[in-house]
Amino acid sequence: MNLHTLLLDKFKAALIAIGAPEGTPAPLSRTTRAGFGHYQFNGAMALSKVLKQNPREIAQKIVDAVELDTEVEKLEVAGPGFINIYLNPEWLAQQLQAANADVRLGIEAEQQQTVVVDYSAPNLAKEMHVGHLRSTIIGDAVAKTLEFLGHKVIRQNHMGDWGTQFGMLLAHLNDKLAANEVAETALSDLEDFYRAAKVRFDNEEGFADRARDYVVRLQSGDAQCMQLWQNFIDVSIAHSEEVYDRLNVALKRSDVMGESAYNNDLAATVAELQSAGIVVESQGAQVAFLQEMADKEGNPAAYIVQKSGGGYLYATTDQAAIRYRNGVLGADRTLIFTDVRQALHFKQTELVARKAGFINAQQSYEHCPFGMMLGSDGKPFKTRTGGTVKLAELLDEAIERAEVLINQRESDLSAQERKIIADKVGIGAVKYADLSKNRTTDYIFNWDSMLSFEGNTAPYLQYAYARVQSIFRKAHVDDVNLQADIQLDEMQEQLLAIKLMQYVEAIKQVSNEATPHVLCTYIYELASLFMGFYEACPILKEGIDEQTKNSRLMLAQLTAKTLQSGLDLLGIETMDKM
RNA sequence: GGUUCCAUAGCUCAGCUGGAUAGAGCAACGCCCUUCUAAGGCGUGGGUCGAAGGUUCGAAUCCUUCUGGGACCA
């Protein structure tokens, strides 16, 4: 059941019935202010000019024409011609009843699409730092949401596992192994390893030449070199997987489709672009000139797919990836989560790929950008020592802080239970801090706000869930077999009920726009309304009759299910006690 | 130089295809734990939505110019 869709269809029909021209906008929205109903239809004012009638009269005609009966308590014309829609609490109660009885919470699956979601994509030469958080968890949340809505999601971890810096790393690794070090030990700290290799590259006689030699051997598929590379990659991927595991991110080894995976397709990709006439030779390089993106003087943008020396670029790999995803995997949609600096690149990439027919007219290619991480001074983020904050360290800190907080509180929880809770609360807080912001612009990294457990944070949402579980424990009610008629008498009950019914609206928006913060906002509002309901509408206290008690238990139950479902889509875990 | 994005409360951010009195959290101040978990609830203060024009019955939202900042391309 989708309230918005239901009402919109009815109002569209009403517009036709009163003789509005086809294509008349039907602006129907949730109401932001109490006293203006639950939804409002604002189409009458704009029609005033077209129909040459008073907007309030038009609004009244729409009200008369709209075929809403049991769904609605009343429709009122207000102000210059707003139509305020008040939903019928009894009808709402029935919808909630149905949603609560359904494992999918009353949300129907959409028509299935195959969606490739490209996210995380760490650079395997370096350790994951906080800057990698966004792509990883936003992409994961969107992927899960798409799956929930019934789509076939193919995750692609386009890891940076190829390129010239690997020459340097492999040369260094080779020496370490020759000195009888174990790869895992040598690579235990990727940052240190990278730095050490870089120092040698810059200072050590002959090392740079050996590094370049390794690049050539790597690209030509030299067996010994590939073995060394594989060694490096295995350890490095294991590092990433450790972080994914801690972050409760669903990426698996089988989702890895790194840059190296396209190495053998690059020549063929360029050849196809050439034969299609999209790419031509210019100063020895293979270039697509894009007139569509020309500057003021009419100079087309240049998109290089092969350098004059024969080397390939990101552009080539991305074209090959499209060929694979849209051709072999049959993607209807492709979502790519990277930082905003690559926006121009992806715009050009799409243009070229469409011209080449790698993407057909029915397929979408959506770059989903996010901003850079800045320090509190508004400049690119660096720690005091000039480095980046390692993701693993951030998570450690979050869990530690959560543990301190838990230990301050009175509770009957065992030490082991506290540990588990600290883990879920700490990780949840870090993820939520990032997920709840959408802006494609840069964002300010701040330890305290990222590790905060108060207000609009994951712990608040987890706490709301735990409160419901506590009620059920105290009530000794079988959570599964609770049967009662929901009745919505109190204002807090009605507000909660309508919010519960709007879950589907939130997740549809997340899937359409790849914006998990919409879901965060929704869950926060839901939890907030539940807290209000919890304070105002006692459930187990004395003097509450059986029917009211059970009705409220049902509301609490559906709230818990919705919270859990939403948090699960965000990759945030819930717990029964905290 | 070209392209492009951004500017909302002291701070961090929401604001859906233009809608009624611009919302949250944090921070500040006041109240509520013998009462279903106070990681909570209720309340107060805090904004010329960067500036100026324009379109519209209606603009934080759309258009133009300007100011400031970022990014990308060269």
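What you are looking at is a predicted structure, and each value in this text was computed from that prediction instead of being measured.

Enquirer: Where do I start with the overall build of chain A in this structure?
Expert: Scanning chain A for helices and strands turns up 21 helices and 13 strands. When the backbone C-alpha atoms are referred to their principal axes, chain A occupies close to 85 × 65 × 45 Å. Each of the 578 residues in chain A was classed as buried or not, and the buried ones make up 50%. The contacts in chain A between residues at least 6 apart in sequence include a share of 74% that link residues at least 24 apart.

Enquirer: Would you take a moment to explain the environment of alanine 321 for this structure?
Expert: With respect to the element layout, alanine 321 can be found in helix H12 (residues 314-328). For alanine 321, a relative accessible area of 3% puts it in the buried group. Each C-alpha atom of the pair alanine 321 and methionine 554 lies 48 Å from the other, and the pair is 233 residues apart in sequence. When sequence neighbours within four positions are dropped, the list of residues in contact with alanine 321 reads His158 and Tyr262.

Enquirer: Please explain the packing of aromatic side chains as it appears in this structure.
Expert: Working definition: an aromatic ring pair is given by the centre-to-centre distance plus the angle between the planes. Scanning the entire structure with this criterion turns up twelve aromatic pairs. With centroids separated by 6.1 Å and ring planes inclined at 70°, the aromatic side chains of tyrosine 262 and tyrosine 324 adopt a geometry described as edge-to-face. Linking tyrosine 262 in the loop between helix H10 (223-247) and helix H11 (266-275) with tyrosine 324 in helix H12, this pair joins segments that are 62 residues apart in sequence. Classification of tyrosine 324 as partly exposed rests on a relative accessible area of 23%.

Enquirer: Help me understand the sheet that holds strand S2 (residues 39-41) in this model?
Expert: Whether parallel or antiparallel, the strands of a sheet pair through hydrogen bonds between backbone atoms. In spatial order, the strands read S1-S2-S4-S3; together these four strands make up an open sheet with antiparallel pairing. Two strands in the sheet have a free side with no partner beyond their single neighbour: strand S1 (28-30) and strand S3 (72-78). Strand after strand, the sheet turns through a mean of 25° between neighbouring axes, direction not considered. Of the strand pairs in this sheet, S3 and strand S4 (residues 82-87) are connected by six bridges, and their pairing is antiparallel. Across the sheet, leucine 75 pairs through a bridge with isoleucine 85, a residue of S4.

Enquirer: Is there a simple way to explain the protein's contact with RNA strand B in this structure?
Expert: Surveying the vicinity of RNA strand B reveals 51 residues, the closest of which are Lys49, Arg409, Tyr463, Arg467 and Tyr534. Atoms of RNA strand B within 4 Å of the protein belong to the sugar or the phosphate in 63% of instances, the rest to bases. Take lysine 541: an N or O atom from its side chain is 3.5 Å from a base oxygen of RNA strand B. Listing elements by their share of the surface near RNA strand B, those giving two or more residues are S1, helix H2 (44-51), S4, helix H14 (391-408), strand S13 (443-444), helix H17 (458-475) and helix H20 (517-536).

Enquirer: It is not clear to me how the packing of H11 against H12 should be interpreted in this structure. Could you clarify?
Expert: Packed helix pairs are characterised by how far apart their axes lie and by the angle those axes make with each other. Across the interface, H11 lies against H12 with an axial gap of 9 Å and an inter-helix angle of 85°. It follows from the interaxial angle that H11 and H12 lie roughly perpendicular. Residues Leu266, Ala268, Thr269, Val270, Glu272 and Leu273 of H11 lie in contact with H12, whose contacting residues are Thr316, Thr317, Gln319, Ala320 and Arg323. The residue makeup of the contact of H11 with H12, split by class, is five nonpolar, four polar and two charged.

Enquirer: Explanation requested: the pattern of salt bridges in the structure shown.
Expert: When the charged atoms of two side chains lie near each other, side chains of opposite charge can form a pair. Taken as a whole and judged by the stated rule, the model has 32 salt bridges. With a closest N to O distance of 2.4 Å, aspartate 434 and arginine 134 form a salt bridge. Here the residue aspartate 434 occupies a position in helix H15 (residues 415-435), and arginine 134 occupies one in helix H5 (residues 133-148), the gap between them amounting to 300 residues. Both residues of the pair, aspartate 434 and arginine 134, count as buried.

Enquirer: For this particular structure, what's the right way to read the environment of leucine 6?
Expert: Mapped onto the fold, leucine 6 is located in helix H1 (residues 3-17). On the accessibility criterion, leucine 6 (22% relative accessible area) is partly exposed. The spacing of leucine 6 and serine 436 is 430 residues in sequence and 28 Å in space, taken between C-alpha atoms.

Enquirer: Is there a simple way to explain the pairing of S4 in this structure?
Expert: Looking down a regular strand, the side chains alternate between one sheet face and the other. Of all six residues in S4, five are buried; the element is thus mostly enclosed. Where S2 lies against S4, three bridges are found, and the strand directions are antiparallel. When the bridges of S4 are listed, tyrosine 39 appears paired with isoleucine 85. Counting the residues between successive antiparallel strands, the hairpin from S3 to S4 contains three residues, one of them, glycine 79, with a positive phi of roughly 55°.

Enquirer: Quick question: what am I supposed to make of H10 here?
Expert: Quick reminder: α-helices carry 3.6 residues per turn. Residues three or four places apart thus point the same way. Here H10 spans 35 Å end to end across 25 residues, near enough to the 36 Å set by a 1.5 Å rise per residue. Regarding H10, the residues found buried are Cys225, Leu228, Trp229, Phe232, Ile233, Val235, Ser236, Ile237, Ser240, Val243, Tyr244 and Leu247. Residue aspartate 222 occupies the N-cap position of H10, its side-chain oxygen lying 3.3 Å from the main-chain nitrogen of glutamine 224. Of the residues one or two after H10, asparagine 248 is the one with positive phi, at around 60°.

Enquirer: Please clarify how the nonpolar core should be interpreted in this entry.
Expert: In summary, soluble globular proteins display a tendency toward joint burial of nonpolar side chains. If you look at the biggest cluster of nonpolar residues, it comprises 156 residues, and the most contacted ones within it are Phe232 and Phe337. Ranked by size, the runner-up nonpolar core spans 18 residues in total, among them Val279, Ala315, Val352 and Ala353.

Enquirer: Whenever I open this one, the side chain of lysine 144 confuses me. Can you help?
Expert: With respect to the secondary-structure elements, lysine 144 resides in helix H5. Beyond its immediate stretch of four places on either side in the chain, lysine 144 contacts Arg155, Asn248, Ala250, Asp568, Leu569 and Gly571.

Enquirer: Can you help me understand unusual backbone geometry in this one?
Expert: The phi angle of most residues is negative, glycine excepted, and most peptide bonds adopt the trans form. In this model, leucine 105 sits at a positive phi of 55°, which is unusual for a non-glycine residue. For leucine 105, the location among the structural elements is in the loop between helix H4 (89-101) and strand S5 (114-118). Accessibility expressed as a relative area gives 12% for leucine 105, which makes it buried. We note that asparagine 248 has phi near 60°; this positive angle belongs to a residue other than glycine.

Enquirer: I tried to follow the confidence of the model for chain A on my own but got confused; where do I start?
Expert: Predicted coordinates in areas of low pLDDT are best not read in detail. The predicted model of chain A has a mean per-residue pLDDT of 93, with 99% of residues at 70 or higher. Here the predicted complex carries an ipTM of 0.96, next to a pTM of 0.95.

Enquirer: What exactly am I supposed to notice about the sheet that holds S5 here?
Expert: One open sheet holds the four strands; their spatial order is S6-S5-S10-S11, and the pairing between them is parallel. Sheet topology places strand S6 (152-156) and strand S11 (364-370) at the edges, where each strand pairs with a single neighbour. Within the sheet, the average angular offset between the axes of one strand and its neighbour, ignoring direction, is 20°. The sheet contact formed by S5 and S6 spans five bridges and is parallel. Directly across from valine 116, in S6, lies its bridge partner isoleucine 154. Packing against the sheet, helix H13 (residues 343-356) makes contact with strand S10 (333-339) and S11, and its axis sits at approximately 175° to S11.

Enquirer: Quick question: what am I supposed to make of the state of the cysteines here?
Expert: Throughout this description, disulfide means a covalent bond between two cysteine sulfur atoms. Scanning the model with the defined rule gives zero disulfides in all. Unpaired in terms of disulfides, cysteine 520 finds its nearest cysteine sulfur in cysteine 368, a separation of 16 Å.

Reading the values: the criteria
Residues numbered from 1 in each chain as written. Chains lettered and ligands numbered in written order. Predicted model: local features only at pLDDT ≥ 70, side-chain atom pairs only at ≥ 80, totals over all residues. Heavy atoms only, no water. Helix = DSSP H or I, 4+ residues; strand = E, 2+ residues; numbered from the N terminus. Buried < 20%, exposed > 50% of the residue type's maximum accessible area, 1.4 Å probe, protein only. Contact = heavy atoms within 4.5 Å. Phe/Tyr/Trp six-rings, centres within 6.5 Å; stacked < 30°, edge-to-face > 60°. Pairing = 2+ DSSP bridges. Axes fitted to C-alpha atoms, helices over the stretch in contact; angles between N-to-C directions. Near = heavy atom within 4 Å. Polar contact = N/O pair within 3.5 Å; in protein donor to acceptor, adjacent residues only side chain to side chain. Parallel < 35°, antiparallel > 145°, perpendicular 65-115°, else oblique. Nonpolar A, V, L, I, M, F, W, Y, C, P; charged D, E, K, R; others polar. Salt bridge = Lys/Arg side-chain N within 4 Å of Asp/Glu carboxyl O. Expected span 1.5 Å × (residues − 1). Core = buried A, V, L, I, M, F, W, Y, C linked by side-chain atoms within 4.5 Å. pLDDT = per-residue confidence, 0-100. Disulfide = S-S within 2.5 Å.

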